[in-house]
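Topology and contacts: notes
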Amino acid sequence: MKRPARGKSALMALTLVLAGVMGSLAFAAEQAVDANGQLVDRGLQTRFERITQELRCLVCQNESIADSNADLAVDLRRQVREMLVGGKSDDAIFDFMTDRYGEFVRFNPPLEPKTLLIWGAPFIMLLLGGAIIYRVVRQRARMPLDDEPAAEPKEPV
Amino acid sequence: MWKFLLPFAAFVALVVLFAFGLNPNRDIHALPSPLIGKPAPAFTLTDVLDPSRPVGNAALNGQVYVLNVWATWCVPCREEHEALLEISRQHVVPIIGLNWKDQRERAKQWLEQLGNPYQAVAFDGDGRTAIEWGVYGAPETYLVDGQGRVIYKYISPMTQQVWDREFLPRIAAARRGGA
């Protein structure tokens, strides 16, 4: 083998290795995505869809970041995708979002002392309604019956 | 007794609810920032005007400063620009710009034509730093104290009145506390 050739090929190899490293760094997240923008790993894609459905787009506020076309939603989807590819757990991703955007970012807030009222409200309403019905029914039960049950119902006045 | 007390209690509850809910001064889209009281997210970006010049908030440690998030596509940012220029002339604290998801050239033009109220303007083209700060719209203005903690966030165009009412007292308090 000729010396100059060896030097050249070594340089080539180094360049290739460098290009490979740079490429794998730059495209790590993109490689994980197919032509339709879906994550190649189906399990990750399922988690991606569920997580983005549960995160509120703060620009439109009543849309999830999965449904919104707002610029911020695009950025936040990218963030979620990268975190999933990076091996982050669902909880870590939700924590990341609530640390920055507050509890409001979650459509499905966790049960905590401060969210107790939100989660408890339906049961409080149920108890309240039950109590009212109970009172009404008991009051009616205590009302005196007509003297002659067989008598024809009277016309209301 | 209950027959009168209950409706009266319900009435009072509704008055309180409506006083809060229908208050015209309340911005229903403004959200409290979970960042208040927490360390300001560190960033190192490049300057809009000079891509070779790094802009970061580490250099500002120990100083009270303001971070103003803006973009040329943001109409209310144009609206607040005059106020920012005026505030910067008063030299109370350094104002750092965060140019959010913008084009460098346009941002440069904007500053050259309208004036530059910023000590430095960080270029956040892909919006990653904005996510760290919990930015969800522009303009947004953050106040950071001498310990590097975010102490206030104002969402909406800045005005001199807002500055005098919301920022100056907090800056004074931060300086007293930090001294």
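Computed from a predicted structure; not experimentally measured. (Residues numbered from 1 in each chain as written. Chains lettered and ligands numbered in written order. Predicted model: local features only at pLDDT ≥ 70, side-chain atom pairs only at ≥ 80, totals over all residues.)

1. Regarding the overall build of chain B
Which entries qualify depends on this criterion: Only DSSP runs of H or I with at least four residues qualify as helices, and only runs of E with at least two residues qualify as strands; both kinds are numbered from the N terminus onward. Any residue surrounded by 20 or more other C-beta atoms within 10 Å of its C-beta is treated as buried, while 12 or fewer makes it exposed and the intermediate range makes it partly exposed; C-beta atoms here are placed from the backbone. By the criterion used throughout, residues are in contact when their C-beta atoms, derived from the backbone, lie within 7 Å.
Counting its secondary structure elements, chain B contains five helices and seven strands. Start at the N end of chain B and walk to the C end: the helices and strands fall as α-β-β-β-α-β-α-β-α-β-β-α. With respect to the principal axes defined by its C-alpha atoms, chain B has extents near 75 × 40 × 30 Å. In chain B, which comprises 179 residues, the share counted as buried stands at 36%. Summarising the internal contacts of chain B: among those between residues at least 6 apart in sequence, 74% fall at separations of at least 24.

2. Notes on the overall build of chain A
Within chain A, the secondary structure is distributed over five helices and zero strands. Order of helices (α) and strands (β) in chain A, N terminus to C terminus: α-α-α-α-α. Counting the 157 residues in chain A, one finds 13% classified as buried. For chain A, restricting intrachain contacts to residue pairs at least 6 apart in sequence, the fraction spanning at least 24 positions comes to 41%.

3. Thoughts on the environment of F94 of chain A
By the element assignment, F94 of chain A lies in helix α4 (residues 90–101). F94 of chain A sits twelve residues away from R106 of chain A along the chain, and the two C-alpha atoms are 7.8 Å apart.

4. Quick word on helix α3 (residues 71–85) of chain A
Residue and element names in this part refer to chain A. The condition is simple: Take the number of residues in a helix, subtract one, and multiply by 1.5 Å to get its expected span.
With 15 residues, α3 should cover 21 Å at 1.5 Å per step; its first-to-last C-alpha distance of 21 Å lies within 8% of that length. Of all the positions in α3, only L72, A73, L76, V80, R81 and L84 are classed as buried. Of the residues flanking the end of α3, it is G87, one or two places downstream, whose phi is positive at about 85°.

5. Thoughts on the sheet that holds strand β5 (residues 120–124) of chain B
Residue and element names in this part refer to chain B. Let me state the cut-off plainly: Here, strands pair whenever DSSP counts at least two bridges between them. Every axis corresponds to a line fitted to the C-alpha atoms, with the helix fit spanning only the stretch in contact, and the corresponding angles, defined between N-to-C directions, vary from 0 to 180 degrees.
Read across the sheet, seven strands follow the order β2-β1-β5-β4-β3-β6-β7 without closing on themselves; strand pairing throughout is mixed. The sheet is open, and its two borders are formed by β2 (54–56) and β7 (150–155), each paired with just one other strand. Strand-to-strand twist across the sheet, computed as the mean angle between neighbouring axes with direction ignored, equals 30°. Strand direction decides the pairing type here: strand β6 (residues 140–144) and β7, joined by five bridges, are antiparallel. The residue of β7 that forms the bridge with E140 is I155.

6. Considering the confidence of the model for chain A
Residues and elements named next belong to chain A. So the rule is basically this: Every residue carries a pLDDT, the predictor's confidence in it, which falls somewhere between 0 and 100.
Within chain A, residue pLDDT values average 81, and 73% of them lie at 70 or more. The spread of mean pLDDT over the elements of chain A runs between helix α1 (residues 3–31), the lowest at 56, and α4, the highest at 95. In this model residues 1–5 is a low-confidence stretch, pLDDT under 50, and it forms one contact with partners more than four residues away in sequence or in other chains.

7. A closer look at unusual backbone geometry
Residue and element names in this part refer to chain B. Cis geometry marks the peptide bond from A138 to P139, where omega comes out at -5°. Mapped onto the elements of the fold, P139 is located in the loop between α4 (128–132) and β6. Of note, the phi angle at H91 is positive, near 50°, even though the residue is not glycine. Tracing the backbone shows H91 in the loop between α2 (75–89) and β4 (95–100). Judged by the 8 C-beta atoms lying within 10 Å of it, H91 is exposed.

8. A closer look at the domain arrangement of chain A
Selection criterion: All domain edges in this entry derive from an automatic or database-based domain assignment.
Per the domain assignment, the segments making up chain A are domain 1 (32–110) and domain 2 (111–142). Computed from C-alpha atoms alone, the centre-to-centre distance between domain 1 of chain A and domain 2 of chain A is 36 Å.

9. Notes on the pairing of β5 of chain B
All names here are of chain B. The buried fraction of β5 is high, at five of five residues. Neither face of β5 is left uncovered, since the one carrying A120, A122 and D124 and the one carrying V121 and F123 both have all their residues buried. Where strand β1 (residues 44–47) lies against β5, two bridges are found, and the strand directions are antiparallel. Of the residues in β5, the one forming a bridge with T46 is F123. Of the strand pairs in this sheet, β4 and β5 are connected by five bridges, and their pairing is parallel. Counterpart to I96 in the pairing with β5 is A120.

10. Notes on the nonpolar core
What counts is decided by this rule: To count as a nonpolar core, a set of buried Ala, Val, Leu, Ile, Met, Phe, Trp, Tyr and Cys residues must be joined through C-beta atoms within 7 Å.
V66, L67, V69, I96, W100, A122 and V144 of chain B are the most contacted members of the largest nonpolar core, which totals 60 residues. With near-sequence residues (within four places) excluded, A122 of chain B lies in contact with F43, L45, V55, I96, G97, L98, N99 and T129 of chain B.

11. Here's the deal with the packing of helix α2 (residues 42–53) of chain A against α3 of chain A
All names here are of chain A. Using the following cut-off: Orientation labels follow simple angle bins: below 35 degrees gives roughly parallel, above 145 gives roughly antiparallel, 65 to 115 gives roughly perpendicular, and whatever is left gives oblique. Rotating anticlockwise by less than a right angle from the far helix to the near helix defines a left-handed crossing, while the corresponding clockwise rotation defines a right-handed one.
Packing of α2 against α3 leaves a shortest axis separation of 10 Å and a crossing angle of 140°. Between α2 and α3, the angle is such that the two are oblique. Regarding α2 and α3, the two cross each other, and that crossing is right-handed. Touching L44, R47, F48, I51 and T52 of α2 are R77, V80, R81, L84 and V85, all from α3.

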